[in-house]
Amino acid sequence: MEAIVLGGGEEAWARKYGVRSKALVPYRGRPMAEWVLSALQEAGLSAIYVGENPGLAPSPRLTLPDTGSLLGNLEAALGHAEGRVLVATADLPHLSPEAVRFVLEKAPEAALVYPIVPKGAVEARFPHTRRTYARLREGVFTGGNLLLLHKELFFQALPLAQRVVALRKKPWALARLIGWDILLKLLLGRLTLPELEARAKRILGVEARALITPYPEVGVDVDREEDLVS
């Protein structure tokens, strides 16, 4: 299995460090992307990197230019990968090889596997970080920044994924797509993981599963400059 590391995009606050992408902002003496690449390499994965590469180490197998969009970058990278791949964002400086191995070993067979992290695990290790959480019947979780997917099935779901991204700033249209019944249960804390997975499958047309992981570093990324001190 290979990994895809998404390091594109530009952040205004990153310019303070002489770079455009937050993936290249230094964290403990190294660009954030290098911490991700190191964790993946130690877990036994080679990587395809999308974004500016000024000589990152360990060196990815292949570097591709930023297309200007998240889905565009993922689609470009998948054109150079085969079968099942692990996708990671480049702003996960806390990522560990143990967390990567957990996801690889525990992931169920599905076209798409999305790790989620219990709120308690995040707050125990990163008490000052700010995350967005969802309350499900099984507990309170934040989403991870890793994703396991099958290349062929991703392209099957790509048109719908593009539609979801296009609607991200139109909450009412997005709500209609997801379903008011699911949203109401989510707001009331009554939604279960199996219900959420079933709706994702119905929307995307492929099997989608969540993976509860005890490793908070999977879900703690760097969105703002103040996150660098976490």
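Since the model is a prediction, treat every value here as computed from it, not as a measurement.

How each quantity is defined
- Residues numbered from 1 in each chain as written.
- Predicted model: local features only at pLDDT ≥ 70, side-chain atom pairs only at ≥ 80, totals over all residues.
- Heavy atoms only, no water.
- Helix = DSSP H or I, 4+ residues; strand = E, 2+ residues; numbered from the N terminus.
- Expected span 1.5 Å × (residues − 1).
- Buried < 20%, exposed > 50% of the residue type's maximum accessible area, 1.4 Å probe, protein only.
- Arc of directions from axis to C-beta.
- Core = buried A, V, L, I, M, F, W, Y, C linked by side-chain atoms within 4.5 Å.
- Phe/Tyr/Trp six-rings, centres within 6.5 Å; stacked < 30°, edge-to-face > 60°.
- Contact = heavy atoms within 4.5 Å.
- Salt bridge = Lys/Arg side-chain N within 4 Å of Asp/Glu carboxyl O.
- Pairing = 2+ DSSP bridges.

Caption draft 1: Molecular detail of unusual backbone geometry. Here Ala57 and Pro58 are connected by a cis peptide whose omega angle stands at 0°. Along the polypeptide, Pro58 turns up in the loop between β4 (46-50) and β5 (62-64).

Caption draft 2: Representation of helix α8 (residues 193-204) in the model. The terminal C-alpha atoms of α8 lie 16 Å apart, and with 12 residues this matches the ideal 16 Å at 1.5 Å per residue to within 8%. Along α8, the residues that are buried comprise Leu193, Glu197 and Arg199. One side of α8 carries all its buried residues, which in axial view fall inside an arc of 165°.

Caption draft 3: Quick look at the nonpolar core. Core analysis: the largest hydrophobic core is formed by 42 residues, its most contacted members being Val5, Leu40, Tyr49, Leu86, Leu95 and Leu146. At the level of secondary structure, the elements contributing two or more residues to this core comprise β1 (2-6), α1 (32-42), β4, β6 (84-89), α3 (97-106), β7 (112-118) and β10 (146-150). At six residues, the largest contribution of residues to this core is made by α1. Counting 17 residues, the second-largest nonpolar core is a separate cluster that includes Leu71, Val85, Leu147 and Leu158.

Caption draft 4: Quick peek at the packing of aromatic side chains. Under the counting rule described, the total for this entry stands at three aromatic pairs. Centre to centre, the rings of Trp13 and Tyr17 are 6.4 Å apart; their planes meet at 85°, and the pair counts as edge-to-face. Between the aromatic rings of Tyr27 and Trp35, the centroid separation amounts to 6.3 Å while the plane-to-plane angle is 75°, which identifies the pairing as edge-to-face. Classification of Tyr27 as buried rests on a relative accessible area of 5%. Judged by relative accessible area, Trp35 falls into the partly exposed class, the value being 25%.

Caption draft 5: Local environment of the environment of Leu186. By the element assignment, Leu186 lies in helix α7 (residues 180-188). Among the residues examined, Leu186 registers a relative accessible area of 30% and is labelled partly exposed. With 169 residues separating them along the chain, Leu186 and Tyr17 place their C-alpha atoms 40 Å apart. Look past the residues within four positions of Leu186 in its chain and what remains in contact with it is Ala134, Arg135, Leu136 and Leu191.

Caption draft 6: Spatial organisation of the pattern of salt bridges. Considering all chains together, one arrives at 20 salt bridges under this definition. The closest approach of N and O atoms between Glu195 and Lys185, which form a salt bridge, is 2.6 Å. Taken together, the residues Glu195 in helix α8 and Lys185 in helix α7 connect sequence positions 10 residues apart. Given the relative accessible area of 26%, Glu195 is considered partly exposed.

Caption draft 7: Structural view of the pairing of β7. Taken together, the two bridges between β7 and β10 define a ladder with antiparallel strand orientation. By the bridge assignment for β10, Val113 is matched with Leu148. Of the strand pairs in this sheet, β7 and strand β11 (residues 208-212) are connected by five bridges, and their pairing is parallel. Note that in β11 the partner of Tyr114 across the bridge is Ala210. When β7 meets strand β9 (residues 139-143), the two strands line up antiparallel, connected through three bridges. Looking at the pairing, Val117 lines up with Thr142 of β9.

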